[in-house]
Amino acid sequence: METPEVITKTKWVIDPAHSEISFKVKHLMFSNVRGRFREFDADISMTGNDLKSAEIDVRINAASVDTGVEQRDAHLRSDDFFAAEQFGEIRFIGNTIVPADRDGHFALFGTLAMRGVKKQVILDVEFGAFIKDPYGAEKALFSIDGKINRRDWGLNYNSALEAGGLVVGEDVTIHCEVQLIKQV
C-alpha cells in the first residue's frame, strides 16, 4: 500500500531591510502626500514555489505611519484616521491568487481589516523572481499595487475647500516592494 504524498508548506518571512509598504493620497485635489509604515510583519507559506498556493497574513502597526511630518503623522494616528490607540493593527489576509493577463502578474484577493472594518480588496502583484542573494538566502521578489477608498474603512475626516473640493482625496494608492526570505 502506498503512503499518501505529504505536501509541505514552505514558510517565508519579510526582509524588513529590503521591503516597504507605502501609500499616497491627493492633497488639495492635486498634489500627492506620500507615506509609509515603518513596522510590519507577515506569515506567508506556499507549497514549494507555487505562488497560487500562497497563504498570506500581513500585520501593520498603524502607529508606525510616517509621512515625514510629525504633526501630520500624529493626526493620521488619531481618531480622525487610523485610530491607532484603539485599532493598533491593520491586517491583510490574502486568500486567492490567480494569474492575470500579463506574464508575471497576479491578482491577489484578500480581506483588509482597518479600524474594525473588514473589506475585500484586489491587489495587482508583479512577481520578480525566486533568487539567491549574495549571502545564500533564497528570496522571492514582489511589487504590489492597489487602490482603496479610505471612507470604506471609516477614515472619513475631511475639510471643504473654499473654491470647492476637499482637502484630502478619498482614493488611496497602495504600493509595496517586498522581498521574502525562505525559512529552512
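What counts and what doesn't
Residues numbered from 1 in each chain as written. Predicted model: local features only at pLDDT ≥ 70, side-chain atom pairs only at ≥ 80, totals over all residues. Heavy atoms only, no water. Helix = DSSP H or I, 4+ residues; strand = E, 2+ residues; numbered from the N terminus. Contact = heavy atoms within 4.5 Å. Areas by Shrake-Rupley, 256 points an atom, 1.4 Å probe, with all protein chains shown as cover. Lys, Arg positive; Asp, Glu negative; His and termini not counted. Charge placed at Lys NZ, Arg CZ, Asp CG, Glu CD. Pairing = 2+ DSSP bridges. Buried < 20%, exposed > 50% of the residue type's maximum accessible area, 1.4 Å probe, protein only. Salt bridge = Lys/Arg side-chain N within 4 Å of Asp/Glu carboxyl O. Polar contact = N/O pair within 3.5 Å; in protein donor to acceptor, adjacent residues only side chain to side chain.

Engineer: Any chance you could explain the overall build of the protein here in plain terms?
Structural biologist: The helix and strand tally for the protein stands at one helix and eleven strands. Summarising its shape, the C-alpha atoms of the protein cover approximately 75 × 35 × 30 Å along the three principal directions. A sequence separation of at least 24 residues applies to 54% of the contacts in the protein between residues at least 6 apart. When the accessible surface of the protein is summed, it comes to about 11,000 Å², and 53% of that surface belongs to carbon and sulfur atoms. Charge separation in the protein, taken as the distance between the mean sites of 22 positive and 29 negative side-chain charges, equals 2 Å.

Engineer: Explanation requested: unusual backbone geometry in the structure shown.
Structural biologist: Negative phi is the rule for most residues except glycine; trans is the rule for most peptide bonds. Of note, Ala83 is a non-glycine position whose phi angle comes to about 50 degrees, a positive value. On the secondary structure map, Ala83 appears in the loop between α1 (70–77) and β7 (89–99). Phi is positive for Arg115, which is not a glycine, with a value near 55 degrees. Residue placement: Arg115 occurs in the loop between β8 (105–114) and β9 (117–132).

Engineer: Teacher, can you tell me more about the pairing of strand β11 (residues 168–182) here?
Structural biologist: Side chains on a regular strand alternate between the two faces of the sheet. Relative to β11, strand β1 (residues 9–14) runs antiparallel, the two being bridged by three bridges. Directly across from Trp12, in β11, lies its bridge partner Lys182. Here strand β2 (residues 20–27) runs beside β11; their pairing, made up of seven bridges, is antiparallel. Its bridge partner being in β11, Lys24 is matched across the sheet by Thr173. Summarising the sheet, strand β10 (residues 138–149) and β11 pair through eleven bridges and their orientation is antiparallel. In the strand pairing of β11, Ile148 is matched with Val172.

Engineer: Where do I start with the environment of Ala100 in this structure?
Structural biologist: If you trace the backbone, Ala100 turns up in the loop between β7 and β8. Classification of Ala100 by relative accessible area gives partly exposed; the value is 33%. C-alpha separation for the pair Ala100 and Asp124, spaced 24 residues apart in sequence, amounts to 8.4 Å. Not counting the four nearest positions on each side in its chain, Ala100 is found in contact with His105, Phe106 and Ala107.

Engineer: What is the right way to look at the side chain of Asp73 in this model?
Structural biologist: Along the polypeptide, Asp73 turns up in helix α1. We note that Asp73 is buried and unpaired, the nearest opposite charge coming from Arg77 at a distance of 4.9 Å. Contacts of Asp73, omitting those with residues within four sequence positions, involve Val65, Asp66, Thr67 and Gly68.

Engineer: Would you mind going over the environment of Gly88 with me for this structure?
Structural biologist: Tracing the backbone through its elements, the reader meets Gly88 in the loop between α1 and β7. Residue classification places Gly88 among the partly exposed residues on the basis of a relative accessible area of 34%. Residues Gly88 and Ala62 lie 26 residues apart in sequence; the distance between their C-alpha atoms is 5.4 Å. Filtering out sequence-adjacent residues up to four positions away, Gly88 remains in contact with Ile60, Asn61, Ala62 and Ala63.

Engineer: Honestly, the environment of Asp50 in this entry has me stumped. Any pointers?
Structural biologist: For Asp50, the location among the structural elements is in the loop between β4 (40–47) and β5 (55–61). Overall, the relative accessible area of 32% leaves Asp50 in the partly exposed class. For the pair formed by Asp50 and Leu112, sequence separation is 62 residues and the distance between their alpha carbons is 23 Å. One polar contact links the side chain of Asp50 to the main-chain amide nitrogen of Lys52, over a distance of 3.2 Å.

Engineer: Before we go on, may I ask you to explain the side chain of Ser53 in this structure?
Structural biologist: Along the chain, the position of Ser53 falls in the loop between β4 and β5. Ignoring anything within four residues of it in the chain, the contact list for Ser53 reads Lys9, Ser45, Met46 and Thr47.

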